[in-house]
Amino acid sequence: MNEKQSHVFNTPRWHKTCLMPTHGKGIYVYDSEGKSYLDAIGGTHVISIGHGVTEVADAIAEQSRQLCFIHKAQFTSEPQERLADVVTAMAPEGMDRVGFVTSGSTANEMAFQVALYYHQLRGKPSKYKIISRWHSYHGHTIATLAMSGSRFVRNSLPPFDLLNFPHIQAPHCYQCPYGLTYPSCQLACANELARTIEQEGPDTIAAFIAEPIIGGAGSAIVPPPGYYEKIREICDFYDILFISEEIITGFGRTGKNFGIDHWNVIPDMITATKALSSGYAPIGAVIIHKRVREIFDHATKNIPLSLFTYAGHPISCAAALAVQNYLAEHNLIEKCAVIGKYLKNELQKLAARESFIGDVRGEGLLIGIEFVQNRETHQPFSRSLGITEKIMQTGLKNGLILRGRFGTGTGVDGDHILISPPFIITEAQCDELVEKLELTFKEVKQSLNLVCAE
Ligand code: PLP
């Protein structure tokens, strides 16, 4: 379908040719012309259990028959209560409440509002700012855009600076913003949080939000050991809440329940969305530690939080519950860790053959590839070459769905892609993914006549 035939506002322009898949099965998506695509990004890091799982379709159908909708002002629903039990059991110790919302943006928006109310209820209403990092994306509401540090997002959008939130450097060791090396850097990137809090005034800061392993905006940047322990210490010292933003990393994608489980740290809140329902229905979660929850328990008035009409929608909760049952029954989080190691290893072998791959990184099935023109100096390609876009277009032609961004080098330059297939991917399918990726890279290099230093 072309742009002129579609009555959908704006989006068809975005991808120029509007492909229309007819169905998906496992890790593949099929279009109306019968072409198959290996979904190497799981529909933007969403799909955990694969396309076309009948158990989930049945659970959705059954819930639709039983009760399609009920509002939280008077009611809860059985799927919501059962899902809350499952989610809090998976969460780090002490995180014993969860609020369901509709998306990643609304999850981060709600976490921000919880942080504001938390401080207000404790007699500290001046704490209203949220600190985040460059190379981050937190959503598309005004508040979450203001949190987002990605230049790609900030440069292309309307007046998000209505809320002028502070940002600190991302813990990107491969392109260290300070030109330092771990461990002699002594975690300069974490210490920047303390400096920024001091500069802004500790009495003005409500929370720090960070993806434990950076997703799309940085393609699986994994902070060094000790980073989040240091962050936790700083947050505690200044009475600031730590929000672990797990829209992508939550519910198994990194091979553990939550991304923050790779460090010895318990956050105050976790926001998580994508793998919760594996894309079968829209839902997001804000998981809350009891030290925050207790403040709300003691409140003398009703706090109007997360009143979105569709928050905790029974059909979305039923879908997510079926997905989490499926994940557990098939041990898919453990499998994600194992197959993720295999895929990363194969991609590292590909990096040895392809001189424009500078770095392969990540945990589980959240694997990033960063492209450079000089592996010695880590010098990125100029943004004007549009390497990321060319890789995505060529991949699609080769039957491989890819997604990437840029900016991890200089803030503007620095192309990278994020590989995040469903957790059910097999070794043979990983090999197919790598083969298609290699073909794509060769074609892009050839078309741009790229010369890279070894
Ligand atoms: N946070 C991260 C890390 C994301 O990747 C996304 C979306 O891709 C969001 C937040 C926003 O989520 P949503 O698009 O569901 O609002």
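Residues numbered from 1 in each chain as written. Predicted model: local features only at pLDDT ≥ 70, side-chain atom pairs only at ≥ 80, totals over all residues. Heavy atoms only, no water.

A. Representation of the packing of aromatic side chains in the model. Throughout the structure, instances matching the rule amount to 12 aromatic pairs. With a centroid separation of 6.2 Å and an interplanar angle of 25 degrees, the aromatic rings of Phe208 and Phe242 are classed as stacked. Within this pair, whereas Phe208 is found in strand 7 (residues 205–210), its partner Phe242 is found in strand 8 (residues 241–246), the two being separated by 34 residues in sequence. The pair Phe208 / Phe242 is uniform in exposure class, with both members buried. Three or more aromatic residues link up through ring pairs in this structure, and these residues are Phe208, Tyr227, Tyr228, Phe242 and Trp263. (Phe/Tyr/Trp six-rings, centres within 6.5 Å; stacked < 30°, edge-to-face > 60°. Helix = DSSP H or I, 4+ residues; strand = E, 2+ residues; numbered from the N terminus. Buried < 20%, exposed > 50% of the residue type's maximum accessible area, 1.4 Å probe, protein only.)

B. Representation of the nonpolar core. The biggest cluster of nonpolar side chains holds 95 residues, and the ones touching the most others in it are Phe208, Leu347, Phe356, Ile419, Leu437 and Phe441. No other element matches helix 12 (residues 314–329), which puts 9 residues into this core. Sequence-distant contacts of Leu437, defined by excluding residues within four places in its chain, comprise Leu347, Leu350, Ile369, Leu400, Leu402, Ile417 and Ile419. Among the nonpolar cores identified, the runner-up in size contains 27 residues, and Met110, Ile247, Ala299 and Ile303 belong to it. (Core = buried A, V, L, I, M, F, W, Y, C linked by side-chain atoms within 4.5 Å. Contact = heavy atoms within 4.5 Å.)

C. The arrangement of the environment of His172 in detail. By secondary structure assignment, the location of His172 is in the loop between strand 6 (167–168) and helix 8 (188–200). Once the C-alpha coordinates of His172 and Asn155 are considered, the two residues, 17 residues apart in sequence, prove to be 21 Å apart. Apart from residues no more than four positions distant in its own chain, His172 is found in contact with Pro177, Ile221, Arg361, Glu370 and Thr408.

D. Molecular detail of helix 8. With 13 residues, helix 8 ought to run about 18 Å at 1.5 Å a step, and its terminal C-alpha atoms sit 18 Å apart, in line with that. Looking only at helix 8, the buried set comprises Ala188, Cys189, Ala190, Glu192, Leu193, Ala194, Thr196 and Ile197. Backbone geometry just after helix 8 places Gly201 at a positive phi near 100 degrees. (Expected span 1.5 Å × (residues − 1).)

E. Fine view of the packing of helix 3 (residues 54–66) against helix 12. It is at 9 Å that the axes of helix 3 and helix 12 come closest, and there the two elements cross at 150 degrees. If you check the angle between helix 3 and helix 12, you find them roughly antiparallel. Between helix 3 and helix 12 the crossing geometry is right-handed. Two secondary-structure elements touch here, helix 3 through Glu55, Val56, Ala59, Ile60, Gln63 and Ser64 and helix 12 through Pro314, Ile315, Ala318, Ala319, Ala322, Val323 and Tyr326. Grouping the amino acids of the contact of helix 3 with helix 12 by side-chain chemistry returns 10 nonpolar, 2 polar and 1 charged. (Axes fitted to C-alpha atoms, helices over the stretch in contact; angles between N-to-C directions. Parallel < 35°, antiparallel > 145°, perpendicular 65-115°, else oblique. Left-handed = near helix turned anticlockwise from the far one by under 90°. Nonpolar A, V, L, I, M, F, W, Y, C, P; charged D, E, K, R; others polar.)

F. Region of the structure containing the packing of helix 5 (residues 104–121) against helix 11 (residues 290–297). Contact geometry of helix 5 with helix 11 gives a least axis separation of 10 Å together with a crossing angle of 60 degrees. When the axes of helix 5 and helix 11 are compared, the pair comes out oblique. The interaxial crossing formed by helix 5 with helix 11 has left-handed handedness. Here helix 5 contributes Val114, Tyr117, Tyr118 and Leu121 to the contact with helix 11, which in turn contributes Arg291, Val292, Ile295 and Phe296. A per-class count over the contact of helix 5 with helix 11 returns 7 nonpolar, no polar and 1 charged.

G. A look at the pattern of salt bridges. This structure, assessed with the given rule, holds 23 salt bridges. Here Glu78 ties to Arg82 by a salt bridge, and the two come within 3.6 Å at their closest N and O atoms. Of this pair, Glu78 and Arg82 are both found in helix 4 (residues 78–90), 4 residues apart, which corresponds to roughly one turn of the helix. Among the salt bridges present, the one from Arg232 reaches Asp268, with a minimum N-O distance of 2.9 Å. In this pair, Arg232 sits in helix 9 (residues 227–238) while Asp268 sits in the loop between strand 8 and strand 9 (269–272), placing the two residues 36 residues apart along the sequence. (Salt bridge = Lys/Arg side-chain N within 4 Å of Asp/Glu carboxyl O.)

H. The sheet that holds strand 11 (residues 357–363), seen in detail. Read from one edge of the open sheet, 4 strands run 11-12-15-14, paired in antiparallel fashion. Looking at strand neighbours, the two that pair on one side only are strand 11 and strand 14 (404–406), the edges of this open sheet. Taking each pair of neighbouring strands and ignoring which way they run, the sheet shows an average axis angle of 20 degrees. Bridge count for strand 12 (residues 366–371) against strand 15 (residues 415–419) is 4 bridges, and the pairing is antiparallel. In the strand pairing of strand 15, Ile367 is matched with Ile419. Sitting on the sheet, helix 13 (residues 332–353) is in contact with strand 11, strand 12 and strand 15, with an inclination near 175 degrees to strand 11. (Pairing = 2+ DSSP bridges.)

I. Structural detail: the environment of Leu347. Structurally, Leu347 can be placed in helix 13. Its relative accessible area of 0% is what places Leu347 among the buried residues. A C-alpha to C-alpha distance of 9.4 Å links Leu347 and Arg361, two positions 14 residues apart in sequence. Setting aside its immediate chain neighbours within four residues, Leu347 contacts Val360, Ile367, Ile369, Ile419, Val434 and Leu437.

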